[in-house]
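Commentary on secondary and tertiary structure
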Amino acid sequence: MSEVIVITSGKGGVGKTTTTANLGTGLALYKQKKVVMLDADIGLRNLDVVMGLENRIVYDLVDVANGMCRLKQALIRDKRFENLYLMPAAQTKDKTAITPDQMKKLCQDLKKDYDYILIDCPAGIEQGFKNAVAGADKALIVTTPEVSAVRDADRIVGLLEAAGFEDPKLVINRLRPDMVKRGDMMDIDDMIDVLAIELLGVVPEDEKIVISTNRGEPAVADESSKAGQAYRNMIRRLEGEEMPLMAMENIEPSFMDKLRIFFGLKARAR
Amino acid sequence: MTNEPVVIKGTKEGITIILEEKSNFEDVKKAIYDKLQSGRNFFAGGKVCLKIKNGFLNKGEREKLEQLLMDFGMSLQEASSPKTLIFPKPNRSRVLLLKRTVRSGQKIAYRGTIVILGDANPGSEIVATGDILVMGTLRGMAHAGADGDTTAIVAAFRLKPTQLRIAEVISRPPEEKEEVPSFPEIARLKDNVIIIEPYNVPK
């Protein structure tokens, strides 16, 4: 039983590509699933760079969609992780190079041979977004604890609901427990309150992500990385396990902090 | 109503086309054509009554209109009763019930009252000619009495709107944020100013 999951956010730079890379790698590495990570960000591809596979691209998504090559020719097998494949986006074209119907067909074809197809969605709500969600069964929405990111995530939830997605799940990225504690950052409850969707996981801010992204080695494989641990937990939840949220040193703000939130952050949050 | 030569209304018996005045027949024909064209599929298969307020059509003109209507899949009937039907003005007795969260970028507009079982998030717009009632948190923009009803209200379980509008009056929450009360509130117009009061169950 295979699943196509689109990873989306609305706003750019919140960590869609990082999330895709880490969840994909984790599912292949820890759950021995056959995984395809599909980069739908045509013209601004990044997933290949984050995975360190840029120099192995010969064919891409657009070539497959237009019948210029066979599906298997475009899929890049990651030599470090068995069962992990990347379908790169074209860099010299734009979002209009493929249609939602072509994406649907591509996803159907991939579903025959792979357990998980993770689609890295481009930012925005235009053609690129429509293409990316066309073939998906489920959706993950990535947000950071910022008012603008949450606003965009809310917009995306609305669009996904209109497109028939039943229960998109939320990934909160780059949370800083110390800032939440001081009342300088939105806390998890604030975000859940507005978005009213189920939480898949919370990824703490972690320097190691920057390092691993630059090196092309997903942090999920790094046992010492806190963010990596968060991704490993999410993978287990995706696989249907009950996993409590990671304890992040008393994330609940104190009473005084809450008071400060009222006068500070919440006022801006509206 | 505007001074359009042709008005199309839906009635119990079907569709009524009212010709406001006996103006130039070709103009009337063109106006009917344009109206039907814009709602092509909507009108197909309908039965039509013709009402002419001033003046009348001669036989040839009537046949031309009949032909035009048939082109749109409609059939012309004799007016069933000479008396003019009175249409009730859409009012607050019409209620739209939404059982979901209204999210950023979504706009709900309705002629009547809107009741939302859920939240209205920042970036959403709720516009009603009557009242607006949110059984959750109102965080977006709400406009009650949108066609000028100054008695319209906005009520919410938690009233935290980005902006409130009632009839022609627009207001926003004060910049310096006072504590948001944790009880239901009602916004209404008083002396052309929007005031917010706690919701007290009427005795």
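This is a predicted model, so every value here is computed, not measured.

**Re the confidence of the model for chain A**
Counting all residues, the mean pLDDT for chain A is 91, and 91% of those residues have values of 70 or more. Within the model, pLDDT remains below 50 along residues 266-270 of chain A, and this stretch shows 13 contacts once partners closer than five positions in the same chain are excluded.

**A closer look at the packing of aromatic side chains**
Two descriptors summarise a pair of aromatic rings, namely the distance from one centre to the other and the angle between the planes of the rings. Applying the stated criterion across every chain, the model contains one aromatic pair over all chains. Taking 5.3 Å as the distance between ring centres and 65° as the angle between the ring planes, the aromatic pair formed by tyrosine 85 of chain A and tyrosine 114 of chain A counts as edge-to-face. With a gap of 29 residues between them, tyrosine 85 of chain A in strand β4 (residues 84-87) and tyrosine 114 of chain A in the loop between α5 (100-111) and β5 (116-120) connect regions that are remote in the sequence. Both residues of the pair, tyrosine 85 of chain A and tyrosine 114 of chain A, count as buried. Sitting above the plane of the tyrosine 114 of chain A ring, lysine 34 of chain A keeps its charged end 4.9 Å from the centroid. Taking NZ or CZ as reference, arginine 158 of chain B lies 4.8 Å from the ring centre of phenylalanine 157 of chain B, over its face.

**Examining the pairing of strand β7 (residues 113-116) of chain B**
Residue and element names in this part refer to chain B. Here β7 shows a buried face lined by Thr113 and Val115 and a second buried face lined by Ile114 and Ile116. In terms of strand pairing, strand β5 (residues 95-98) meets β7 through four bridges, oriented parallel. If you follow leucine 96 over to β7, its bridge partner there is isoleucine 114. Inspection of the sheet shows β7 paired to strand β9 (residues 132-138) by three bridges, in the parallel sense. Across the sheet, valine 115 pairs through a bridge with leucine 133, a residue of β9.

**So, the packing of helix α1 (residues 16-31) of chain A against helix α11 (residues 226-238) of chain A**
All names here are of chain A. Interhelical geometry of α1 versus α11 gives an angle of 65° and a closest axis separation of 9 Å. The orientation of α1 with respect to α11, classified from their angle, is roughly perpendicular. Like other packed secondary-structure pairs, α1 and α11 cross with a definite hand, here right-handed. Residue-level contacts link Thr18, Thr19, Asn22, Leu23, Gly26, Leu27, Tyr30 and Lys31 of α1 to Tyr231, Arg232, Met234, Ile235, Arg236 and Leu238 of α11. Classifying every residue of the contact of α1 with α11 by side-chain character gives seven nonpolar, four polar and three charged.

**Points about the pairing of β5 of chain A**
All names here are of chain A. With five of its five residues buried, β5 lies for the most part within the structure. Burial along β5 is two-sided: Tyr116, Leu118 and Asp120 and Ile117 and Ile119, pointing in opposite directions, are all buried. Of the pairings in the sheet, the one linking strand β2 (residues 35-39) to β5 comprises five bridges and is parallel in character. Counted as the bridge partner of leucine 38 is isoleucine 119 from β5.

**Quick look at the interface of chain B and chain A**
Residue-level contacts link 16 residues of chain B with 15 residues of chain A. Across the interface of chain B and chain A, roughly 1400 Å² is buried in total on both sides, 46% from carbon and sulfur atoms. A salt bridge links aspartate 193 of chain A to arginine 139 of chain B; its shortest N-O distance comes to 3.5 Å. Viewed at the interface, chain A and chain B are joined by six residue pairs in polar contact (both at pLDDT 80 or more).

**Here's the deal with the sheet that holds β9 of chain B**
All names here are of chain B. Strands sit in the order β5-β7-β9-β11-β14-β15 across an open sheet of six strands; the sheet is mixed. Since the sheet does not close on itself, it has two edges, and those belong to β5 and β15 (193-198), each with one partner. On average, each strand axis in the sheet is tilted by 25° relative to the strand beside it, whichever way the strands run. Taken together, the three bridges between strand β11 (residues 154-159) and strand β14 (residues 185-190) define a ladder with antiparallel strand orientation. Bridging from a neighbouring strand, valine 154 pairs with alanine 187 of β14.

**Quick look at the side chain of aspartate 48 of chain A**
Residue and element names in this part refer to chain A. Examined against the element boundaries, aspartate 48 turns out to sit in helix α2 (residues 47-50). Residue aspartate 48 is classed as buried on the basis of its relative accessible area of 2%. Contact partners of aspartate 48, with chain neighbours within four places excluded, come to Asp39, Leu53, Glu54, Ile57 and Leu86.

Definitions and cut-offs
- Residues numbered from 1 in each chain as written.
- Chains lettered and ligands numbered in written order.
- Predicted model: local features only at pLDDT ≥ 70, side-chain atom pairs only at ≥ 80, totals over all residues.
- Heavy atoms only, no water.
- pLDDT = per-residue confidence, 0-100.
- Contact = heavy atoms within 4.5 Å.
- Phe/Tyr/Trp six-rings, centres within 6.5 Å; stacked < 30°, edge-to-face > 60°.
- Helix = DSSP H or I, 4+ residues; strand = E, 2+ residues; numbered from the N terminus.
- Buried < 20%, exposed > 50% of the residue type's maximum accessible area, 1.4 Å probe, protein only.
- Lys NZ or Arg CZ within 6 Å of the ring centre and 35° of its normal.
- Pairing = 2+ DSSP bridges.
- Axes fitted to C-alpha atoms, helices over the stretch in contact; angles between N-to-C directions.
- Parallel < 35°, antiparallel > 145°, perpendicular 65-115°, else oblique.
- Left-handed = near helix turned anticlockwise from the far one by under 90°.
- Nonpolar A, V, L, I, M, F, W, Y, C, P; charged D, E, K, R; others polar.
- Buried area = accessible area lost by both parts, 1.4 Å probe.
- Salt bridge = Lys/Arg side-chain N within 4 Å of Asp/Glu carboxyl O.
- Polar contact = N/O pair within 3.5 Å; in protein donor to acceptor, adjacent residues only side chain to side chain.

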